[in-house]
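Observations on the model geometry
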Amino acid sequence: MGSVRRQGDLVQVSLDRVEAGLLASLIGQTEVLLDDPEQSEDPLEQAFGVASEAPAAPDDPVLLRLLPDGYREDSDAAAEFRRLTEADLRATKRVALHRMLETLDAAA
């Protein structure tokens, strides 16, 4: 079984092979969830990641947790926030997942 140690502001996690494999599997599953379902053909949207129309909030509760509404009480503001930020949020989360996999691979 792995261990967790804190060193100042850093946390070091040591995992055995089974734990690392399970974590890698979960990272892969999360990455699949974050795949953009529709690739826009709008060049401005592709360049800047800002959709011309607000994507619908996810129906899947797991994906909604990964991509939550920015405003719970105002559906118009939530839609506008999602339009402006969802592509970047998906990309940022994918980068973090790749970093986790690279760290797992380096430690193996």
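To be clear, the structure that these remarks concern was listed above.
Described below are features of the structure shown in this document. What you see as residue numbers is a count from 1 along each chain, following the sequence as written. Residues qualify for local features only when their pLDDT is at least 70, as the model is predicted, and side-chain atom pairs are given and counted only at 80 or more; totals for whole chains, interfaces and linings, by contrast, use all residues. The side-chain quantities take in all heavy atoms of the structure and omit both hydrogens and water.

It is worth spelling out the overall build of the protein at this point. Helix and strand content of the protein: four helices and two strands. Think of it this way: any DSSP run of H or I at least four residues long counts as a helix, any run of E at least two long counts as a strand, and we number them from the N terminus. Secondary structure of the protein in N-to-C order comes out as β-β-α-α-α-α. Pairs of residues are marked as contacts when any of their non-hydrogen atoms sit within 4.5 Å. Put simply, of all contacts in the protein between residues at least 6 apart along the chain, 58% involve residues at least 24 apart. Each accessible area is a Shrake-Rupley estimate made with a 1.4 Å probe; only the visible protein chains count as cover when residues are assessed. In the form shown here, the protein has an accessible surface area of approximately 8400 Å², with 55% of it arising from carbon and sulfur atoms.

As a further point, take the environment of Leu-15. Along the chain, the position of Leu-15 falls in the loop between β2 (10–14) and α1 (17–34). In the structure, Leu-15 is positioned 14 residues away from Met-1 in sequence and 6.7 Å away in space, judged by C-alpha atoms.

Let us look at the environment of Ser-25. Position of Ser-25 among the secondary structure elements: in helix α1. A C-alpha to C-alpha distance of 9.7 Å links Ser-25 and Leu-101, two positions 76 residues apart in sequence.

Turning next to helix α4 (residues 75–107). We define the bend at each residue as the angle formed by axes fitted to the 7 residues ending at it and the 7 residues starting at it. Thr-85 marks where α4 bends most, by close to 50°. By the burial criterion, the buried members of α4 are Ala-78, Arg-82, Arg-83, Glu-86, Arg-90, Leu-97 and Leu-104. Contacts made by the buried residues of α4 are with α1 and α3 (61–66). Where α4 starts, the residue carrying a side-chain oxygen 3.2 Å from the main-chain nitrogen of Asp-76 turns out to be Asp-74. Note on classification: 1.4 Å probe, protein chains only; a residue is buried when its accessible area is under 20% of the maximum for its type, exposed when over 50%, partly exposed between these limits. Pairing of N or O atoms within 3.5 Å defines a polar contact, subject to two protein rules: one partner must be a possible hydrogen donor and the other a possible acceptor, and residues neighboring in sequence count only if both atoms are side-chain atoms.

The next thing to look at is the nonpolar core. Within the largest apolar cluster, six residues are counted, these being Ile-27, Leu-34, Leu-63, Leu-67, Leu-97 and Leu-104. Looking at this core, the elements that each hand over two or more residues are α1 and α4. Once you skip the residues sitting within four places of it in the chain, Leu-67 turns out to touch Leu-34, Pro-58, Arg-82, Glu-86, Leu-89 and Arg-90. Nonpolar cores were defined as sets of buried Ala, Val, Leu, Ile, Met, Phe, Trp, Tyr and Cys residues, with membership established by side-chain atoms within 4.5 Å.

Further remarks concern a nonpolar patch on the surface. A contiguous nonpolar surface patch, about 360 Å² in accessible area, is contributed by Val-4, Val-11, Val-13 and Leu-15. Positionally, Val-13 belongs in strand β2. To count toward a patch, a residue needs a relative accessible area above 30% and no salt bridge. Like charges then connect within 9 Å, nonpolar side chains (Val, Leu, Ile, Met, Phe, Trp, Tyr) within 5 Å. One side-chain nitrogen of Lys or Arg within 4 Å of one carboxyl oxygen of Asp or Glu is enough to make a salt bridge.

Moving on, we get to the pattern of salt bridges. On inspection of all chains with the given rule, the structure shows four salt bridges. Of the charged contacts, one joins Arg-82 and Glu-86 as a salt bridge, the two residues approaching to 2.8 Å between their closest N and O atoms. Of this pair, Arg-82 and Glu-86 both sit in helix α4, four residues apart, which is roughly one turn of the helix. What makes Arg-82 buried here is its relative accessible area of 5%. Salt-bridge contacts for Glu-86 lead to Arg-90; the nearest nitrogen and oxygen are separated by 3.1 Å.

Before going further, it helps to spend a moment on the packing of α1 against α4. Running from N to C, α1 and α4 point in directions that differ by 160°, and their axes come no closer than 10 Å. Judged on the interaxial angle alone, α4 and α1 are roughly antiparallel. Note that α1 runs across α4; the crossing there is left-handed. Where α1 abuts α4, its residues Ala-20, Leu-23, Ala-24, Ile-27, Thr-30, Glu-31, Leu-33 and Leu-34 lie against Arg-90, Lys-93, Arg-94, Leu-97, His-98, Met-100, Leu-101 and Leu-104. Axes here mean lines fitted to C-alpha atoms, for a helix over just the part in contact, with angles spanning 0 to 180 degrees between N-to-C directions. Put simply, angles under 35 degrees are roughly parallel, angles over 145 are roughly antiparallel, angles from 65 to 115 are roughly perpendicular, and the rest are oblique. Handedness of each helix crossing follows the sense of rotation of the near helix against the far helix: counterclockwise by less than a right angle gives left-handed, clockwise gives right-handed.

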